[in-house]
Amino acid sequence: MKETVYIDSEFITLGQLLKHVNIISSGGMAKWYLAEHTVLLDNEVENRRGKKIFPGSIVEIPDEGTYFIQDASQSQKAED
């Protein structure tokens, strides 16, 4: 599954993203999830829940999906 995730701040942390896309149910699960599962940030393995993810990044989680991070203001410009 491929999904675009729009953020309205400068960045989102990896733990916040996991919760936002309903892979984990609470922020406390992020450390455990990242220790047990492979997560790729721009084709590099990433396991730090506090890693800042900026618009333009791609997060790939095998068996879950690929997430394209975009600035929310870009989504509104596209709609205009």
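Here, the structure is the one placed above.
Right, let's walk through the structure included here. (Residues numbered from 1 in each chain as written. Predicted model: local features only at pLDDT ≥ 70, side-chain atom pairs only at ≥ 80, totals over all residues. Heavy atoms only, no water.)

Within the protein one finds three helices and seven strands. Starting at the N terminus, the α and β elements of the protein follow one another as β-β-α-α-β-β-β-β-β-α. Relative to a compact globule of 80 residues, whose C-alpha radius of gyration would be 12 Å, the protein shows 12 Å and is just as compact. A principal-axis box enclosing the C-alpha atoms of the protein has dimensions of 40 × 20 × 20 Å. Per-residue burial over the protein gives 34% buried out of 80 residues. Per element, the accessible surface of the protein, about 5,300 Å² overall, is 44% carbon and sulfur. (Helix = DSSP H or I, 4+ residues; strand = E, 2+ residues; numbered from the N terminus. Rg over C-alpha atoms; globule rule 2.2 N^0.38 Å. Buried < 20%, exposed > 50% of the residue type's maximum accessible area, 1.4 Å probe, protein only. Areas by Shrake-Rupley, 256 points an atom, 1.4 Å probe, with all protein chains shown as cover.)

The next subject is the environment of His 20. Within the secondary structure layout, His 20 lies in helix H1 (residues 14-20). When the C-alpha positions of His 20 and Asn 43 are compared, they lie 21 Å apart, and in sequence the two are 23 residues distant.

Let us now look at the packing of aromatic side chains. Describing an aromatic ring pair means giving the distance of the ring centres and the angle of the ring planes. Considering all chains together, one arrives at two aromatic pairs under this definition. Here the aromatic rings of Trp 32 and Tyr 33 are separated by 6.2 Å at their centres, their planes lie at 65°, and the arrangement is edge-to-face. We classify Trp 32 as partly exposed; its relative accessible area is 46%. (Phe/Tyr/Trp six-rings, centres within 6.5 Å; stacked < 30°, edge-to-face > 60°.)

Further remarks concern the side chain of Glu 46. Note that Glu 46 resides in the loop between strand S4 (44-45) and strand S5 (52-53). In this structure the side chain of Glu 46 is engaged in a polar contact, spanning 2.7 Å, whose partner is the side chain of Arg 48. Residues contacting Glu 46, with those up to four places away along its chain left out, are Leu 14, Leu 34, Val 39, Leu 41 and Lys 51. (Polar contact = N/O pair within 3.5 Å; in protein donor to acceptor, adjacent residues only side chain to side chain. Contact = heavy atoms within 4.5 Å.)

What follows concerns unusual backbone geometry. Note: most peptide bonds trans; most residues except glycine with negative phi. Phi at Asn 43 is positive, roughly 65°, even though this residue is not glycine. Judged by relative accessible area, Asn 43 falls into the exposed class, the value being 60%. Its identity is not glycine, yet Asp 63 carries a phi of approximately 70°, on the positive side. Of note, Asp 63 is situated in the loop between strand S6 (58-61) and strand S7 (65-71).

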